[in-house]
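Notes for the structure review
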Amino acid sequence: MSDDKLTVGEQAPDVTLKDETGAEVQLSDYWRKQPLLLVYIRHFG
Amino acid sequence: MVVGLGTPAKTAEFRAEMQAPFPILCDPKKNGYKAYGLEKLSVLREIGSRENRGLGQSRSGEYGVKASLDQDMAQLGGSFVLDTEGTILYVHRAAVTSENKPTAEVLAAVASSLP
């Protein structure tokens, strides 16, 4: 692992993702409403 | 929020098969996957780990959905807790396929984010 990865205390990247319909969503739209648990899963993709 | 790397259609199919009662976002171009520094599988780490069942599970469909060969078998998962300003409170990046932190540890991080 490299040492330049994001860690505790840093600003999270506000990336654009998609929902199941293909519509783009902004991650900050979620964390601004309430604290966010972001879980990346394996197994498909 | 759960995120996978499939297409929107694959994500909808996966959620239906898993009967997940929550939405799942997708990151087919790996924008977030890269930005959050998630790991790629290392064969040496995988072989040396006791938590290396993930590849077999993916191919066998043990989790209900069988990965196909056009999917990225080398992707690894991870968990992050962010507060309402987007400050990172917790980070876990899996180093091998089946490495997951205890639920209690993740929930404690979530609890710490609450006012």
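What counts and what doesn't
Residues numbered from 1 in each chain as written. Chains lettered and ligands numbered in written order. Predicted model: local features only at pLDDT ≥ 70, side-chain atom pairs only at ≥ 80, totals over all residues. Helix = DSSP H or I, 4+ residues; strand = E, 2+ residues; numbered from the N terminus. Buried ≥ 20, exposed ≤ 12 C-beta atoms within 10 Å, placed from the backbone. Contact = placed C-beta atoms within 7 Å. Nonpolar A, V, L, I, M, F, W, Y, C, P; charged D, E, K, R; others polar. Pairing = 2+ DSSP bridges. Core = buried A, V, L, I, M, F, W, Y, C linked by C-beta atoms within 7 Å. pLDDT = per-residue confidence, 0-100.

The next point concerns the overall build of chain A. In terms of helices and strands, chain A carries one helix and three strands. N-terminal to C-terminal, the α/β element order of chain A is β-β-α-β. For chain A, with 45 residues in total, the buried portion stands at 36%.

Next up on the list: the interface of chain A and chain B. At the junction of the two partners, chain A supplies 36 residues and chain B supplies 52 residues. Listing elements by their share of the side of chain A that touches chain B, those giving two or more residues are β1 (16-18), α1 (27-31) and β3 (36-40) of chain A. Of all the elements, β3 of chain A adds the most residues to the side of chain A that touches chain B, at five residues. Within the side of chain A that touches chain B, the residues separate by chemical class into 18 nonpolar, ten polar and eight charged. Here β3 of chain A pairs with strand β1 (residues 2-4) of chain B via two bridges, running parallel. Bridging across to β1 of chain B, tyrosine 40 of chain A finds its partner in valine 3 of chain B.

In this section: the environment of valine 15 of chain A. Turning to its location among the elements, valine 15 of chain A is positioned in the segment before β1. Linking valine 15 of chain A and tryptophan 31 of chain A, residues 16 residues apart in sequence, is a C-alpha distance of 12 Å. Leave out the neighbours within four places in its chain, and valine 15 of chain A touches Leu27 of chain A together with Asn31, Gly32 and Ala35 of chain B.

This paragraph deals with the environment of proline 23 of chain B. Residue and element names in this part refer to chain B. By the secondary structure assignment, proline 23 is in the loop between α1 (8-18) and β2 (24-26). Residue proline 23 is classed as partly exposed on the basis of its C-beta count, with 13 C-beta atoms lying within 10 Å. Through-space distance from the C-alpha of proline 23 to that of valine 2 is 7.3 Å; in sequence the pair is 21 residues apart.

Here we take up unusual backbone geometry. Residue and element names in this part refer to chain B. Even without a glycine there, the phi angle at glutamine 19 is positive, about 55°. Among the secondary structure elements, glutamine 19 is positioned in the loop between α1 and β2. Of the residues examined, glutamine 19 has 7 C-beta atoms within 10 Å and is grouped as exposed.

This part covers the pairing of strand β4 (residues 88-93) of chain B. Residue and element names in this part refer to chain B. Where strand β3 (residues 78-82) meets β4, five bridges bridge the pair, whose relative direction is antiparallel. Bridge pairing in β4 places serine 79 opposite histidine 92. Here β3 folds back onto β4, and the loop between the two strands holds five residues, one of which, glycine 86, carries a positive phi near 85°.

A word on the nonpolar core. The nonpolar side chains of soluble globular proteins are, as a tendency, buried together. Core analysis: the largest hydrophobic core is formed by 25 residues, its most contacted members being Leu17 and Leu38 of chain A together with Val3, Cys26, Phe80 and Leu82 of chain B. Only α1 and β3 of chain A together with β2 and β3 of chain B provide two or more residues apiece to this core. Examining the composition of this core, we find that four residues originate from one element, β3 of chain A, more than from any other. For leucine 17 of chain A, the residues in contact, after removing those within four places along its chain, are Val25 and Leu27 of chain A together with Val3, Leu25, Cys26, Asp27 and Gly32 of chain B.

A separate point is the confidence of the model for chain B. Residue and element names in this part refer to chain B. Put simply, chain B has an average pLDDT of 79, and 70% of its residues get 70 or more. Mean pLDDT across the secondary structure elements of chain B bottoms out at helix α4 (residues 54-60), with 52, and peaks at β3, with 94. As a predicted assembly, this complex carries a pTM of 0.78 together with an ipTM value of 0.88.

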